[in-house]
Amino acid sequence: MDGGSMEDAMVGGGYTDEPHVLAVDDNLIDRKLVERLLKNSSCKVTTAENGLRALEYLGLGDEKRTSLEDNVSKVNLIITDYCMPGMTGYELLKKIKESSSLKEIPVVIMSSENIPTRINKCLEEGAQMFMLKPLKQSDVAKLRCNLMNCRS
């Protein structure tokens, strides 16, 4: 048995210094803001402009079956906007939670609308947190803390 290689490959193990976050938002300005806030909190960030692109990156798209193993092992958190054309953040959340290989990845939903029924629906479906936009650095700090300490 090789000592260090298994630990490097584990999703939950080696991300204490720089967790990898997949940020999904159709709005370029919001996407850039989230990316900057996450990078300020020492996160590695990959962005996607919609739910379908996020699923492709995660290996659930139609053509990208082979990339599944590579990308899933690298993503520690998915943060997505709720309102997006084509596929909402809620639909993306459901697809992630239905996937045996992805369901352990925490998903955070963002929205500019504070609608309790929507928030509850997302949390019931398995979202880790629901955050109101615009995100602030303190929100991201709380998120990072949550990611480090509250993984189940």
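Residues numbered from 1 in each chain as written. Predicted model: local features only at pLDDT ≥ 70, side-chain atom pairs only at ≥ 80, totals over all residues. Heavy atoms only, no water.

- Under the annotation held in an unreviewed UniProt entry, the protein carries the name Response regulatory domain-containing protein and is attributed to Salix brachista.
- Taken verbatim from the UniProt record of the protein, the Function (unreviewed entry) comment is "Functions as a response regulator involved in His-to-Asp phosphorelay signal transduction system. Phosphorylation of the Asp residue in the receiver domain activates the ability of the protein to promote the transcription of target genes. Type-A response regulators seem to act as negative regulators of the cytokinin signaling."
- You can read under Sequence similarities (unreviewed entry) in the UniProt record for the protein the words "Belongs to the ARR family. Type-A subfamily." (UniProt positions renumbered as here; feature names shortened; annotations may be inferred.)

### Some points on the overall build of the protein
Stage number 1. Helices and strands together make up the secondary structure of the protein, namely seven helices and five strands.
Stage number 2. Secondary structure elements of the protein occur, N-terminal to C-terminal, as α-β-α-β-α-α-β-α-β-α-β-α.
Stage number 3. Once local pairs closer than 6 in sequence are excluded, the contacts in the protein between residues at least 24 apart make up 63%.
Stage number 4. Accessible surface, the protein as shown: approximately 8,400 Å² in total, 49% of it carbon and sulfur. (Helix = DSSP H or I, 4+ residues; strand = E, 2+ residues; numbered from the N terminus. Contact = heavy atoms within 4.5 Å. Areas by Shrake-Rupley, 256 points an atom, 1.4 Å probe, with all protein chains shown as cover.)

### So, the sheet that holds strand β1 (residues 20-24)
Stage number 1. As summarised here, the arrangement of the five strands in space is β2-β1-β3-β4-β5, forming an open sheet in which the pairing is parallel. Strands at the two margins of the open sheet, each flanked by one partner only, are β2 (44-48) and β5 (129-132). The mean angle between the axes of side-by-side strands here comes to 20°, regardless of whether they run parallel or antiparallel.
Stage number 2. Running at roughly 150° to β1, helix α3 (residues 51-58) makes contact with β1, β2 and β3 (77-81) of the sheet.
Stage number 3. In the packing of helix α5 (residues 89-98) onto the sheet, the strands contacted are β1, β3 and β4 (107-111), and the crossing angle to β4 comes to about 175°. (Pairing = 2+ DSSP bridges. Axes fitted to C-alpha atoms, helices over the stretch in contact; angles between N-to-C directions.)

### What about the packing of aromatic side chains?
Stage number 1. This model, assessed by the stated rule, comprises zero aromatic pairs.
Stage number 2. Lying across the ring of tyrosine 90, lysine 121 places its NZ or CZ 4.3 Å from the centre. (Phe/Tyr/Trp six-rings, centres within 6.5 Å; stacked < 30°, edge-to-face > 60°. Lys NZ or Arg CZ within 6 Å of the ring centre and 35° of its normal.)

### Thoughts on the nonpolar core
Stage number 1. Judged by nonpolar contacts, the single largest core of 23 residues is most densely connected at Leu22, Val24, Ile78, Ile109 and Cys122.
Stage number 2. Broken down by secondary-structure element, the contributors of at least two residues to this core are β1, α3, α5, β4 and α6 (116-124).
Stage number 3. When residues of this core are assigned to their parent elements, the largest contribution, four residues, is made by α5.
Stage number 4. When near neighbours in sequence (up to four residues on either side) are disregarded, cysteine 122 contacts Tyr82, Tyr90, Leu93, Ile109, Ala127 and Phe130.
Stage number 5. Ranked by size, the runner-up nonpolar core spans 17 residues in total, among them Leu37, Leu38, Cys43 and Ile79. (Core = buried A, V, L, I, M, F, W, Y, C linked by side-chain atoms within 4.5 Å. Buried < 20%, exposed > 50% of the residue type's maximum accessible area, 1.4 Å probe, protein only.)

### Overview of the pattern of salt bridges
Stage number 1. Applying the stated rule across the entire model yields nine salt bridges.
Stage number 2. Among the salt bridges present, the one from arginine 53 reaches glutamate 56, with a minimum N-O distance of 3.6 Å. One end of the pair, arginine 53, and the other, glutamate 56, are both in helix α3, three residues apart, so they sit about a helical turn from each other.
Stage number 3. The structure contains a network of salt bridges with shared partners spanning Asp25, Asp30, Asp81 and Lys133. (Salt bridge = Lys/Arg side-chain N within 4 Å of Asp/Glu carboxyl O.)

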